[in-house]
Amino acid sequence: MEVTMAKEIWDAAGMKRALTRITYEIIENNKGTDNLVLVGIKTRGVYLAQRIHDRIKKLEGADVPMGELDITLYRDDRHDARLKQDPVVNNGEVGVDVEGKHVVLVDDVIYTGRTIRAAMDALVDNGRPASISVAILVDRGHRELPIRADFVGKNIPTSSDEQVAVQVAELDGQDRVELKSL
């Protein structure tokens, strides 16, 4: 697929404001930070979860446990012949105790809901959380499963021939969100 047009949705400052707002909402919804655990979905969700973690630490003085989740084994499309290569199978461990905790799954974009469903399956294989919430930087719609985000940076209605591209400085050298027409 060739990109024909890209429109900037957020620059670094916009992303920072959205993550700060999401952080406040997480703290408020949880009534503080007790029993709170953040879990970033690889790849960009891990970096966003780290930023939320750092803001919670700055705002509340609490070092909330944080883990990361590779959902490759849990994807329902991993045997899809249309994929360009076989996925790399990694350990499904979260790295933190989720048993009885209020877990917030963090990712960059929610689209069909399949990634979040896979993350929930992987998370439950690591223990039984008291609750699972979802924090997303961008919700682009088009759900195929009845899954919604609890904390959303921005809703961006898209068509099926558009793509939301999130860039994070840790991986891409800059923070920005673009809407790309294919």
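Because the structure is predicted, anything quoted here is derived from the model rather than measured.

Participant: Could you clarify how one ought to interpret the side chain of Thr-112 in this entry?
Facilitator: Within the element layout of this structure, Thr-112 appears in the loop between β4 (102-110) and α3 (114-124). Among residues more than four places away in sequence, those in contact with Thr-112 are His-142, Arg-143, Glu-144 and Leu-145.

Participant: What should I look at first to understand the confidence of the model for the protein in this one?
Facilitator: When pLDDT drops low, the exact placement of atoms in the prediction is not to be read closely. Averaged over every residue, the pLDDT of the protein is 90; the share at 70 or more is 88%. Per-residue pLDDT stays below 50 along residues 81-90; that stretch engages in eight contacts with residues further than four places along the chain or on separate chains.

Participant: Whenever I open this one, helix α1 (residues 12-30) confuses me. Can you help?
Facilitator: Since the α-helix packs 3.6 residues into each turn, any two residues three or four apart lie on the same face. Its 19 residues give α1 an end-to-end C-alpha distance of 27 Å, which sits within 8% of 27 Å, the value for a rise of 1.5 Å per residue. Within α1 the residues assigned to the buried category are Gly-14, Met-15, Ala-18, Leu-19, Ile-22, Thr-23, Ile-26, Ile-27 and Asn-30. If you check the start of α1, you find a side-chain oxygen 3.2 Å away from the backbone N of Ala-13, and it comes from Asp-11. Following α1 by one or two positions, Lys-31 has its phi on the positive side, about 55 degrees.

Participant: What exactly am I supposed to notice about the side chain of Thr-33 here?
Facilitator: Looking at where Thr-33 falls in the secondary structure, it is placed in the loop between α1 and β2 (36-41). A residue is classified by how much of its surface remains accessible, and Thr-33, at 18% relative accessible area, is buried. Each residue touching Thr-33, except ones within four places of it in the same chain, is listed here: Ile-56, Glu-60, Ala-62 and Val-64.

Participant: I'm lost on the packing of aromatic side chains in this one. Help?
Facilitator: Geometrically, a pair of aromatic rings is defined through the distance of the ring centres and the angle of the planes. All told, the structure shown has zero aromatic pairs when counted by the stated rule. Between the NZ or CZ atom of Arg-140 and the centre of the ring of Tyr-111, over which it lies, the distance is 3.9 Å.

Participant: Got a minute to help me understand the pattern of salt bridges in this structure?
Facilitator: Between side chains of opposite charge, a pair can form when the charged atoms approach closely. Applying the stated criterion across every chain yields a total of twelve salt bridges. A salt bridge links Arg-148 to Asp-150, with the nearest nitrogen and oxygen atoms 3.0 Å apart. Among the residues examined, Asp-150 registers a relative accessible area of 33% and is labelled partly exposed. Its salt-bridge partner being Glu-178, residue Arg-176 comes within 2.9 Å of it at the nearest N-O pair. Overall, Arg-176 belongs to the partly exposed group, its relative accessible area being 21%. Accessibility expressed as a relative area gives 11% for Glu-178, which makes it buried. Each of Glu-8, Arg-176, Glu-178 and Lys-180 takes part in salt bridges that share partners, so that together they form one network.

Participant: Help me understand α3, please; the structure alone is not making it clear to me.
Facilitator: When α3 is considered as a whole, its buried residues turn out to be Ile-116, Ala-118, Ala-119, Ala-122 and Leu-123. Projected onto a plane normal to the axis of α3, the buried residues spread over an arc of 160 degrees and lie on a single side. Along its buried surface, α3 packs onto β2, β3 (66-69), β4 and β5 (131-139).

Participant: Got a minute to help me understand the sheet that holds strand β8 (residues 176-181) in this structure?
Facilitator: Strand pairing in a sheet is mediated by backbone hydrogen bonds. Such pairs are either parallel or antiparallel. Across the sheet, three strands lie side by side as β1-β8-β7; this open sheet has antiparallel pairing. With partners counted over all chains shown, the strands left at the sheet margins are β1 (5-10) and β7 (162-167), one partner each. Recorded for the sheet is a direction-independent mean angle of 25 degrees between the axes of neighbouring strands. Judged from the five bridges that link them, β1 and β8 form a sheet pairing that is antiparallel. Counted as the bridge partner of Ala-6 is Lys-180 from β8. Packing against the sheet, α1 makes contact with β1, β7 and β8, and its axis sits at approximately 50 degrees to β1.

Thresholds applied
Residues numbered from 1 in each chain as written. Predicted model: local features only at pLDDT ≥ 70, side-chain atom pairs only at ≥ 80, totals over all residues. Heavy atoms only, no water. Helix = DSSP H or I, 4+ residues; strand = E, 2+ residues; numbered from the N terminus. Contact = heavy atoms within 4.5 Å. pLDDT = per-residue confidence, 0-100. Expected span 1.5 Å × (residues − 1). Buried < 20%, exposed > 50% of the residue type's maximum accessible area, 1.4 Å probe, protein only. Polar contact = N/O pair within 3.5 Å; in protein donor to acceptor, adjacent residues only side chain to side chain. Phe/Tyr/Trp six-rings, centres within 6.5 Å; stacked < 30°, edge-to-face > 60°. Lys NZ or Arg CZ within 6 Å of the ring centre and 35° of its normal. Salt bridge = Lys/Arg side-chain N within 4 Å of Asp/Glu carboxyl O. Arc of directions from axis to C-beta. Pairing = 2+ DSSP bridges. Axes fitted to C-alpha atoms, helices over the stretch in contact; angles between N-to-C directions.

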